[in-house]
Amino acid sequence: MATDLPYAADAEISLSWDELDVLRQQYNIELEKSHVTVQTKFNYAWGLVKSPQREHQVEGVKLLQEIYRAEPGRRRECLYYLGLGHYKMGNYDDAKKFNDLLLQKEPNNLQAASLRELIDRAVSREGYIGMAIAGGAAAVGTLLVAGLVRRAMRK
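The model shown is predicted, which means the values in this text are computed figures rather than measured ones.

Caption draft 1: Focus on helix α5 (residues 92–105). In this model α5 runs 20 Å from its N-terminal to its C-terminal C-alpha over 14 residues, within 8% of the 20 Å that 1.5 Å per residue would give. Turning to α5, its buried residues are Y92, A95, F98, N99, L102 and L103. Taken end-on, α5 shows its buried residues confined to a sector of 140°, consistent with a single buried face. When the buried face of α5 is taken as reference, the exposed residues oriented beyond 90 degrees from it are D93, Q104 and K105.

So, in structure tokens, the structure goes:
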């Protein structure tokens with residue numbers, strides 16, 4: 001998933017396990033006290049979204065969605081990381097939806113513009129792979145039909 005887009009570095013750079021563990025511990029301490037601050041929740045979600053592990057990304061997106069719904073003042077920063085999280089999970093339609101919302105509010109946001117390019121590239125790449133699979137399936141189907149026709153003609 002390497003990119004030459006400098007503002008999309010979040011798409012590739014993960015926190016170390018120790019860094020993520022610090023965020024997790026802080027979140028769990030506050031959770032045990034039944035009062036998780038928005039900043040702690042956001043920091044933990046941010047770290048999870050940046051993780052290479054899908055289950056972390058899913059949890060990070062879930063936490064960001066909770067913040068997005070509950071804290072209107074934090075929506076702008078949630079939009080980018082929701083887009084990034086969905087991009088990393090391969091949910092390109094959702095990634096585009098969140099990123100486009102951010103670009104509507106901030107058309108000159110270079111981070112969001114870079115993420116849009118990454119999403120567009122991934123969608124194109126997926127389209128090419130889909131066409132190759134369909135073409136391969138058609139070729140195999142043609143060979144099978146040709147084999148059946150030859151077999152039927154020999155009898």
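Read on, since the account is not over.
Caption draft 2: Representation of the packing of helix α3 (residues 54–70) against helix α4 (residues 75–89). At their nearest, the axes of α3 and α4 sit 9 Å apart, and the two run at 155° to each other. Comparing their axes, α4 and α3 come out roughly antiparallel. The two elements α3 and α4 cross, and the hand of that crossing is left-handed. Where α3 approaches α4, its residues R54, Q57, V58, V61, L64, Q65, I67, Y68 and R69 are matched on the opposing element by R75, C78, L79, Y81, L82, G85, H86, K88 and M89.

Caption draft 3: Looking closely at the pattern of salt bridges. Counted by the stated rule, this structure contains eight salt bridges. Here D21 makes a salt bridge to R24, at a shortest N to O gap of 3.3 Å. One end of the pair, D21, and the other, R24, are both in helix α1 (residues 17–32), three residues apart, so they sit about a helical turn from each other. For D21, a relative accessible area of 29% translates into the label partly exposed. Between K96 and D100 there is a salt bridge, with the nearest N and O atoms lying 3.0 Å from each other. Remark: D100 and K96 occur in helix α5; sequence separation between them is four residues, near one turn of the helix. Overall, the relative accessible area of 37% leaves K96 in the partly exposed class. Look at D100 and you get partly exposed, because its relative accessible area is 24%. Overlapping salt bridges bring together K41, E59, K62 and E66 as one network.

Definitions and limits used
- Residues numbered from 1 in each chain as written.
- Predicted model: local features only at pLDDT ≥ 70, side-chain atom pairs only at ≥ 80, totals over all residues.
- Heavy atoms only, no water.
- Helix = DSSP H or I, 4+ residues; strand = E, 2+ residues; numbered from the N terminus.
- Expected span 1.5 Å × (residues − 1).
- Buried < 20%, exposed > 50% of the residue type's maximum accessible area, 1.4 Å probe, protein only.
- Arc of directions from axis to C-beta.
- Axes fitted to C-alpha atoms, helices over the stretch in contact; angles between N-to-C directions.
- Parallel < 35°, antiparallel > 145°, perpendicular 65-115°, else oblique.
- Left-handed = near helix turned anticlockwise from the far one by under 90°.
- Contact = heavy atoms within 4.5 Å.
- Salt bridge = Lys/Arg side-chain N within 4 Å of Asp/Glu carboxyl O.

Shape descriptors only; they carry no functional weight alone.
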